[in-house]
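Here is how the chains run, residue by residue.
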Amino acid sequence: MFLEIFKYDFIIRGLEAGIIVSLIAPLIGIFLVLRRYSLIADTLSHVSLAGIAIGLLLKINPVITALGATLFASFGIERLRISKKVYGESALALFLSGSLALAVVLLSLAHGFNTNLFNYLFGSILTVTSADVLMIAILAVVVIVILFAFYKELVAISFDEESAKVNGIPVKLINTVLIILSALTVSISIPIVGILLISALIVVPVVTALQLRVSFAKTILYAEIFSLFGVVAGIFASFYLNLSTGGTIVLIMLAVFAFVFLFSNNSRSIA
Amino acid sequence: MQKIDHTKNIIELRGVSFSYGNSGKNGADSANAEDDVLHNINFEVHKGDYIGMTGANGAGKTTLLKIILNLLKPSAGTIKLFGQDIKDFKDWAKISYVPQKVANFDKNFPATVEEVVLMGRYGKKGLFNKITSEDKKICEKALSDVGMLDFKNRMIGDISGGQLQRVFIARALAGEPEVIFLDEPTSGVDEKSQNEFFALLQKLNRELDLTLILISHDLERVAKEAMHIACVDRTLVMHPSASEVQITSHHHNN
């Protein structure tokens, strides 16, 4: 009865994609959260909506156009931030609202909103094709390889950017790498949790793990566990209870956060 | 100056000026500008020096530090690090920096003391090179130099301000630098820890032959500790050690 779920190909594909995404998101998330960049994920996800609108309009795989749009925007945001003529969060606001506006205009050109769009907004493993799984897997490998290559520099900059700079770490390059990785992660997360919930996937497991107050390496490990649990449990629950996949995943993650937050706070006040 | 066994200039500033209006862009006609934050600074640091850099808030100490560390570009003048023009200088691992971090430190950052000290080796290792057991040994040595080896596995947010300051010194030492800059290192640290901290700096300077440049607004304290005092007040005036000359006034109008 329980194994009934594995009879459906779309569930298998959804689980495959979900597990890959759940492992990637916290790896990026930890650096974004620690650098107070959490909203970058949110901005890039809205940018990806514009990308998806372009894809739907031109009848190209929307994940590809979303990837292009987020990469383009990530460079733009970084340029605006470096120029110091625009505050960092204002740059995010410009891109967030601008891309949402573009998306809405493009979608109205394409004769309005349809169910397809609803799936992109909130995620549905029904939309995951085997081509998507392949692309998610390839991008995931790219993200992990780049992350591994720049890991120690990312850690040092997250802790103390100025000292890192003095020590000869190429801060600008690493910042650019981080924002590109964020763009990649956002793009591959779309089919699973949908545009509007991506930042939860990237941020919530990391914030949960931070409550445990353990070493950097262990924080990443715990964030991976929370993320994997949230995504897999969310996919199962949404299947059996016929709920929105993205919404269910995020609610489970938030429930885990609430539990860990209350529990770890108690243990600390006792200590 | 006199009494230094090494004649090598580690740092050399000639005619360095800085103003916020035209930083970096080299406004050639800004030479005598009234609004220079720093004006015509000449400054030499020799190997093995222990220099206390003092001056009132807003006198330009931190700006000067940032210029030497290449975080800001001067509007005029030349800077040489280890005999090389700062524009061509690549060997930043020789220079370490202990930021004014204790007071506004993120206590929730998820890292152990050891992980923080290891960060001090990242710049020296360079891109794509992994941390090895050799690096860990160097970090353990740095932690034992500052007397914090027992705290290796503690969370960075769970130690006191004085201990945190030592960990930051250990992080600087882990890069095996020749010169360490410390920016207001004792702000937010209690009196007893301050004394231990200054004793540690003396040890690093004498036993490990490290060149130290300590930035502090606390002239009295710095005058007791350092070999030379650099007073920054838009310009820079060097004084020999307080043990040789009694410093009586905060004002040096030369």
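Please read these numbers as outputs of a predicted model, since none were measured by experiment. (Residues numbered from 1 in each chain as written. Chains lettered and ligands numbered in written order. Predicted model: local features only at pLDDT ≥ 70, side-chain atom pairs only at ≥ 80, totals over all residues. Heavy atoms only, no water.)

## A short note on the overall build of chain B
No. 1: Counting its regular elements, chain B contains six helices and ten strands.
No. 2: Relative to its full complement of 254 residues, chain B shows a buried share of 54%.
No. 3: Contacts in chain B between residues far apart in sequence, at least 24 positions, make up 72% of those at least 6 positions apart.
No. 4: Summing over all exposed atoms, chain B offers an accessible surface of approximately 11700 Å²; the carbon and sulfur share of this is 46%. (Helix = DSSP H or I, 4+ residues; strand = E, 2+ residues; numbered from the N terminus. Buried < 20%, exposed > 50% of the residue type's maximum accessible area, 1.4 Å probe, protein only. Contact = heavy atoms within 4.5 Å. Areas by Shrake-Rupley, 256 points an atom, 1.4 Å probe, with all protein chains shown as cover.)

## Observations concerning the packing of aromatic side chains
No. 1: Per the counting criterion, the structure on display carries 15 aromatic pairs over all chains.
No. 2: Taking the centre distance of 5.9 Å and the plane angle of 25° together, the rings of A:Phe216 and B:Phe109 count as stacked. Of this pair, A:Phe216 sits in helix 11 (residues 216-241) while B:Phe109 sits in the loop between strand 6 (95-98) and helix 2 (113-125), on two different chains. The burial state of A:Phe216 is the same as that of B:Phe109; both residues are buried. (Phe/Tyr/Trp six-rings, centres within 6.5 Å; stacked < 30°, edge-to-face > 60°.)

## Observations concerning the confidence of the model for chain B
All names here are of chain B.
No. 1: Confidence along chain B averages 81 in pLDDT terms, with 85% of residues attaining 70 or more.
No. 2: Of all secondary-structure elements in chain B, the lowest mean pLDDT belongs to strand 10 (residues 235-240), at 81, while strand 8 (residues 211-215) reaches the highest, 92.
No. 3: Note that residues 246-254 has pLDDT below 50 and, in this model, nine contacts with residues that lie over four places away or in other chains. (pLDDT = per-residue confidence, 0-100.)

## Considerations on the environment of A:Val204
Residues and elements named next belong to chain A.
No. 1: Position of Val204 relative to the elements: it lies in helix 10 (residues 198-210).
No. 2: Remark: the alpha-carbon pair of Val204 and Val256, spanning 52 residues in sequence, is separated by 9.2 Å.
No. 3: Once you skip the residues sitting within four places of it in the chain, Val204 turns out to touch Ser199, Met253, Leu254 and Phe257.

## Quick look at the pattern of salt bridges
Opposite charge on two side chains lets them pair, provided their charged atoms get close.
No. 1: The full count for this structure, using the stated rule, is 17 salt bridges over all chains.
No. 2: Residue B:Arg171 pairs with A:Asp160 through a salt bridge whose shortest N-O separation is 3.0 Å. Taken together, the residues B:Arg171 in helix 4 (residues 161-174) and A:Asp160 in the loop between helix 7 (151-159) and helix 8 (161-166) connect one chain to another.
No. 3: You can call A:Asp160 buried: its relative accessible area is 5%.
No. 4: What emerges from the salt-bridge pattern is a single network uniting B:Glu12, B:Arg14 and B:Glu44. (Salt bridge = Lys/Arg side-chain N within 4 Å of Asp/Glu carboxyl O.)

## Topic: the interface of chain B and chain A
No. 1: Contact with chain B, which involves 34 residues of that partner, is made by 29 residues of chain A.
No. 2: Between chain B and chain A, the buried area comes to about 2700 Å², and carbon and sulfur atoms account for 63% of it.
No. 3: When the buried surface of chain B facing chain A is broken down by residue, B:Phe109, B:Pro110 and B:Tyr122 rank first, second and third, together holding 22% of it.
No. 4: When the shortest N-O distance is used, the salt bridge between A:Glu162 and B:Lys66 registers 3.7 Å.
No. 5: The set of elements that each furnish at least two residues to the side of chain B that touches chain A consists of strand 6, helix 2 and helix 4 of chain B.
No. 6: For the side of chain B that touches chain A, the element with the highest residue contribution is helix 2 of chain B, accounting for six residues.
No. 7: Across the side of chain B that touches chain A, the residue classes break down as 18 nonpolar, seven polar and nine charged. (Buried area = accessible area lost by both parts, 1.4 Å probe. Nonpolar A, V, L, I, M, F, W, Y, C, P; charged D, E, K, R; others polar.)

## Here's the deal with the layout of surface pockets
No. 1: Of the pockets and cavities examined, the largest pocket occupies roughly 1500 Å³.
No. 2: A:Lys84, A:Lys165, A:Lys172, B:Asn70 and B:Leu71 are the residues nearest the centre of the largest pocket, which is lined by 35 residues in total.
No. 3: Every element with two or more residues in the lining of the largest pocket is listed here: helix 3 (62-83), helix 8 and helix 9 (171-193) of chain A.
No. 4: Looking at the lining of the largest pocket, its residues break down into 15 nonpolar, seven polar and 13 charged.
No. 5: Empty space within the second largest pocket amounts to approximately 550 Å³.
No. 6: Every residue lining the second largest pocket is counted, 22 residues in all, and those nearest its centre are A:Tyr151, A:Val155, A:Ala217, B:Glu115 and B:Tyr122.
No. 7: Of all the secondary structure elements, the ones that give two or more residues to the lining of the second largest pocket are helix 1 (9-34), helix 6 (130-149), helix 7 and helix 11 of chain A together with helix 2 of chain B.
No. 8: Examining the composition of the lining of the second largest pocket, we find that four residues originate from one element, helix 2 of chain B, more than from any other. (1 Å grid on protein atoms, 1.4 Å probe; cavity = no way out; pocket = protein on both sides within 12 Å on 5 of 7 lines; lining within 4 Å. Points joined across faces, edges and corners; volume = space filled by probe spheres on them.)

## Here's the deal with empty space enclosed by the protein
No. 1: Per the stated rule, a full pass over the model turns up three cavities of 30 Å³ or more.
No. 2: Its boundaries defined by the atoms lining it, the largest cavity holds a volume of some 50 Å³.
No. 3: As for the largest cavity, its lining consists of A:Ala156, A:Asp160, A:Ser163, A:Ala164, A:Asn167, A:Ile169, B:Met119, B:Gly120 and B:Arg171.
No. 4: Listed by contribution, the elements that provide at least two residues to the lining of the largest cavity are helix 8 of chain A together with helix 2 of chain B.
No. 5: For the lining of the largest cavity, a count of residues per class yields four nonpolar, three polar and two charged.
No. 6: Considering only enclosed or pocket space, the second largest cavity measures out at about 40 Å³ in volume.
No. 7: Forming the walls of the second largest cavity are A:Ser163, A:Asn167, B:Ser96, B:Tyr97, B:Gly120, B:Arg171 and B:Ala172.

## A closer look at the side chain of B:Ser19
All names here are of chain B.
No. 1: Among the structural elements, Ser19 can be located in the loop between strand 1 (9-18) and strand 2 (38-46).
No. 2: Judged by relative accessible area, Ser19 falls into the buried class, the value being 2%.
No. 3: Not counting residues within four places of it along the chain, the set of residues in contact with Ser19 comprises Asp35, Asp36, Val37 and Ser75.

## Describing a nonpolar patch on the surface
Residue and element names in this part refer to chain A.
No. 1: A cluster of nonpolar side chains, namely Ile54, Leu57, Leu58, Ile60, Ile64, Val105 and Leu109, defines an oily patch on the protein surface of about 590 Å² accessible area.
No. 2: Taken together, the elements giving at least two residues each to the nonpolar patch come down to helix 2 (38-58) and helix 4 (88-109).
No. 3: By residue number, the principal contributor to the nonpolar patch is helix 2, which donates three residues.
No. 4: Within the fold, Leu57 resides in helix 2.
No. 5: Classification of Leu57 by relative accessible area gives partly exposed; the value is 32%. (Patch = residues over 30% accessible without salt bridge, like charges linked within 9 Å, V, L, I, M, F, W, Y side chains within 5 Å.)

## Observations concerning the environment of B:Leu212
Residue and element names in this part refer to chain B.
No. 1: Here Leu212 shows up in strand 8.
No. 2: According to the relative accessible area criterion, Leu212 is buried, its value standing at 0%.
No. 3: For Leu212 and Lys47, which are 165 residues apart along the polypeptide, the C-alpha to C-alpha distance reads 9.2 Å.
No. 4: Not counting residues up to four positions away in its chain, the partners in contact with Leu212 are Asp49, Tyr50, Ile51, Ile180, Leu182, Leu201 and Asn205.

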